[in-house]
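Descriptive analysis of the structure
Chain by chain, the residues:
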2 protein chains.
Amino acid sequence: MQVPSRVWLREVGPRDGLQNEPPVPTAGKIELLDALSKTGLRRIEAVSFVHPRAIPQMGDAAEVWAAITRSPDVTYSALVPNLVGARRAVDAGVREIEVVVSASDSHNRANLNRTTRESLEELGPIIALAHDNGARCQVIVATSWGCPYEGDVPVERTLGVAQVALEAGADALAYGDTTGMATPTRVEDLVGPTQQRFAGTPLLLHFHNTRGTGLANLLTALRMGVTEFDASVGGLGGCPYAPGASGNIATEEVVHMLEDMGVETGVNLGLLLDVAARAEQLVGHEVPSQVLRAGPRSRTVPYPEAAEEPAG
Amino acid sequence: MQVPSRVWLREVGPRDGLQNEPPVPTAGKIELLDALSKTGLRRIEAVSFVHPRAIPQMGDAAEVWAAITRSPDVTYSALVPNLVGARRAVDAGVREIEVVVSASDSHNRANLNRTTRESLEELGPIIALAHDNGARCQVIVATSWGCPYEGDVPVERTLGVAQVALEAGADALAYGDTTGMATPTRVEDLVGPTQQRFAGTPLLLHFHNTRGTGLANLLTALRMGVTEFDASVGGLGGCPYAPGASGNIATEEVVHMLEDMGVETGVNLGLLLDVAARAEQLVGHEVPSQVLRAGPRSRTVPYPEAAEEPAG
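Residues numbered from 1 in each chain as written. Chains lettered and ligands numbered in written order. Predicted model: local features only at pLDDT ≥ 70, side-chain atom pairs only at ≥ 80, totals over all residues. Heavy atoms only, no water.

Overview of the interface of chain B and chain A
What counts is decided by this rule: Contacts: residue pairs with any heavy atoms within 4.5 Å of one another. A simple way to read buried area is as the amount of 1.4 Å-probe accessible surface that goes missing from two parts once joined, with both sides added. Here, a salt bridge means any side-chain nitrogen of Lys or Arg that lies within 4 Å of a carboxyl oxygen of Asp or Glu. Each polar contact in these results corresponds to two N or O atoms within 3.5 Å; when the atoms are within protein, one needs to be able to donate a hydrogen and the other to accept it, and residues that are neighboring in sequence are counted only if both atoms are side-chain atoms. The way it works is that DSSP assigns letters per residue, a run of H or I at least four long becomes a helix, a run of E at least two long becomes a strand, and they are numbered from the N terminus. Lys, Arg, Asp and Glu make up the charged group, whereas Ala, Val, Leu, Ile, Met, Phe, Trp, Tyr, Cys and Pro make up the nonpolar group; the residues left over, Gly among them, are polar.
If you look at the interface, chain B gives 65 residues, while chain A gives 65 residues. Counting each side, the surface lost to burial between chain B and chain A is near 5,600 Å², with a carbon and sulfur contribution of 56%. Between chain B and chain A we count 4 salt bridges in total. B:Arg186 serves as the salt-bridge partner of A:Asp260, at 2.7 Å between the closest nitrogen and oxygen. The interface formed by chain B and chain A includes 22 residue pairs in polar contact (both at pLDDT 80 or more). Of all the elements in the fold, those that place two or more residues in the side of chain B that touches chain A are α5 (105–112), α8 (184–197), α9 (214–223), α10 (251–260) and α12 (290–294) of chain B. Class assignment of the residues belonging to the side of chain B that touches chain A gives a composition of 30 nonpolar, 20 polar and 15 charged.

Here it is, written out as structure tokens:
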């Protein structure tokens, strides 16, 4: 199988995970981030600077950002929804900013209280602010493969949003499958034209496992040469539109599959599983990660000498 | 993406699913099988004829087999562990028999109380009995990608067991990833040589989602031209070696992904989801199916007019 020899995972559990969980105390978030920093992950989305009324779970973003113990090997980032958030991020010292805008207008309005066009018009000032402060700026196109209100999002719509983002000066591009509506052929249908049209632009994909297709989608993109993916430790987080549904793909499931395929992630699976177990305690309920439940494939069990019975 | 236009799913929830669940009453099994028969599935593994002391959940196999309402469009099969079970199956009127043998010796001993070699030696008589009674016989190679006691199973070991099965007269071959140890490259590493060495032999793959790789593995095999897969409604069943872990890949997750990719399954997803919901009631706990939780990707939610808040 032709796949890249190395991928770069961005851990988003502390942000996308925890914003869809019952609130975790500030100290717990700091503990989680510090533990993740020691696993070999090189990119961690630590917080988001959103209005506390919109997402109370992220109300302590500046406090968390200031308190974490930084590893020199890790790039920490923050997500922002608009210029106000970008200014808070820059003021807090963030030098890796992600701006989110939804390809679907109704999702953008529900999420950011404005149209997609209005969000796109603010990208220029946000990116300028970032660059003026020595920060990089990635634009995340949410609902890239579908919207919980509108259904399918046409490929051209997502590509159009990406185009505007890059013209506004974005340093990198991310596509978010916000509610797990992507399937392998849809991944190909969007990633193929993106690689052609925006050749040379760093592309990161963000898959949710809401409908079980997360790793199949990641595999499809990997075979197309994509090397940057988001994932969430333990599979933290859910889906606000489907109570009980899974959130992001679980980081340890990604690491477990890729390392077995000979694709290097740089992550120590054992350490990551310890963090996943701790994350489960912090949110107070079972998380979706299958590898956390079953252990890695290298885990064997003792042979049950006493259990032999005639089988037929 | 080059994939077959049609796949054939075999539903194994009533057998592989229920044998790893708390016992379900006979009437519930019959209800489940009759409901599955109306979903468009063409193959259903209904029961197994194993010793009731080994697997009490299947103690009513003959009763269930006799009581189900047969659809003329569905081929019903039964799994057997040995010649005694095969005779019971034939006597019950089964005309599609699966014999299971593990590639791993320790798993075969734990599961069937004999070595792999002893099981292989009995294949000839079992297949002859089947053929003498007008039945087809598939050999399922369990632990094809790994064993919970021994760890990795070498490709040559699995191929060797398959070879013996075909020389003994097996009509078809199945590889079982009994405890979810396969990953996409391992699927390629086994399926590629199988297709070369046993060209023309029907090949079915049986994946468990124990470590989250089930659909990625299926996708890999699909891209290699494999068109027969096992799956379990709701993702019924668990893993006896990892309490709380997932069992088989969920039939509705497979149908949902494949149909969206333009790969025909013949299955009505809405009807199947109704059966999955009922299966969840029958086993009395939440099943792993993500599509059952979140609904299919076509399901939209109302736009939350009242929920608008400033996001940043």
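Observations regarding the state of the cysteines
Residue and element names in this part refer to chain B. Rules: Note on terminology: pairs of cysteine sulfur atoms within 2.5 Å are recorded as disulfides. Categorising residues by exposure relies on relative accessible area from a 1.4 Å probe, with only protein chains included: less than 20% of the type maximum marks a residue as buried, more than 50% marks it as exposed, and the intermediate range marks it as partly exposed.
All told, the structure shown has 0 disulfides over all chains when counted by the stated rule. In this structure Cys147 is a free cysteine whose sulfur lies 11 Å from that of Cys239, the closest cysteine sulfur available. Judged by relative accessible area, which is 0%, Cys147 ranks as buried.

So, the nonpolar core
Inclusion rule: Here, nonpolar core means buried Ala, Val, Leu, Ile, Met, Phe, Trp, Tyr and Cys residues that are tied together by side-chain atoms lying within 4.5 Å of each other.
Counting 186 residues, the largest nonpolar core has A:Tyr175 and B:Tyr175 as the members making the most contacts within it. By size, the runner-up hydrophobic cluster in this structure holds 7 residues, among which are A:Leu112, A:Ala142, A:Ala174 and A:Leu204.

Quick look at the confidence of the model for chain A
To be explicit about the condition: By definition, pLDDT measures how confident the predictor is in each residue, and it falls between 0 and 100.
Looking at chain A as a whole, its pLDDT mean stands at 96, while 97% of the residues score no less than 70. pLDDT under 50 marks residues 308–312 of chain A. Its contacts with residues more than four places away, or in other chains, come to 21 contacts.

Examining the relation of the copies chain B and chain A
Quick reminder of the rule: Residues reaching a pLDDT of at least 70 in both copies supply the C-alpha atoms on which the copies are superposed by least squares.
Rotating chain B by 180 degrees and translating it 0.0 Å along the rotation axis places it on chain A, where the RMSD comes to 0.0 Å. Here the transformation between the copies is reduced to the relation of a two-fold axis. In terms of proximity to the rotation axis, the leading residue of chain B is B:Ala216, whose C-alpha is 2.0 Å off the axis. Here 100% of the interface residues in chain B have copies in chain A that are interface residues too; the copies meet face to matching face.

Some thoughts on the packing of helix α2 (residues 26–36) of chain B against helix α11 (residues 269–283) of chain B
Residue and element names in this part refer to chain B. To be explicit about the condition: A fitted line through C-alpha atoms represents every axis, and for helices the fit uses only the stretch in contact; the resulting angles, taken between N-to-C directions, go from 0 to 180 degrees. To sort the angles, those under 35 degrees are grouped as roughly parallel, those over 145 as roughly antiparallel, those from 65 to 115 as roughly perpendicular, and the leftovers as oblique.
α11 packs onto α2 with a crossing angle of 170 degrees between their chain directions and a minimal axis gap of 10 Å. In terms of their interaxial angle, α2 and α11 are classed as roughly antiparallel. Taken together, the residues of α11 that come into contact with α2 (itself represented by Gly28, Glu31, Leu32, Ala35 and Leu36) are Leu272, Val275, Arg278, Ala279 and Leu282. Split by residue class, the contact of α2 with α11 holds 7 nonpolar, 1 polar and 2 charged.

Observations concerning empty space enclosed by the protein
Stated precisely, the cut-off is as follows: Cavities and pockets are found on a 1 Å grid laid over the protein atoms alone: a cavity is a set of points where a 1.4 Å probe fits but cannot escape, a pocket is an open set with protein on both sides within 12 Å along at least five of seven lines, and a lining residue has an atom within 4 Å of such a point. Grid points are joined across faces, edges and corners, and a volume is the space filled by probe spheres set on the points.
Applying the stated rule across the entire model yields 5 cavities of 30 Å³ or more. When its volume is computed, the largest cavity comes out at roughly 90 Å³. Of the residues that constitute the lining of the largest cavity, the class distribution is 7 nonpolar, 2 polar and 3 charged. When its volume is computed, the second largest cavity comes out at roughly 80 Å³. In terms of residue class, the lining of the second largest cavity is made up of 7 nonpolar, 2 polar and 3 charged.

Focus: the packing of helix α7 (residues 155–167) of chain A against helix α8 (residues 184–197) of chain A
Residue and element names in this part refer to chain A. Worth spelling out the cut-off: In a left-handed crossing the near helix is turned counterclockwise from the far helix by less than a right angle, and in a right-handed crossing that turn is clockwise.
Closest axis-to-axis distance for the α7/α8 pair is 10 Å, and the angle between their directions is 35 degrees. When you trace α7 past α8, the crossing you get is right-handed. Along its contact with α7, which presents Val155, Glu156, Thr158, Leu159 and Gln163, the element α8 presents Asp189, Leu190, Pro193, Thr194 and Arg197. Across the contact of α7 with α8, the residue classes break down as 4 nonpolar, 3 polar and 3 charged.

Here's the deal with α9(B)
Along α9(B), 9 of the 10 residues are buried, which leaves the element largely enclosed by surrounding structure. Along α9(B), the residues that are buried comprise B:Gly214, B:Leu215, B:Ala216, B:Asn217, B:Leu218, B:Leu219, B:Thr220, B:Ala221 and B:Leu222.

Focus: unusual backbone geometry
With a phi angle near 50 degrees, A:Thr143 is a residue other than glycine that sits in the positive phi range. You can see A:Thr143 is positioned in the loop between β5 (136–142) and α7. For A:Thr143, a relative accessible area of 0% gives the class buried. Residue B:Asn113 is not a glycine yet carries a positive backbone phi of 60 degrees. Residue B:Asn113 is classed as partly exposed on the basis of its relative accessible area of 36%.

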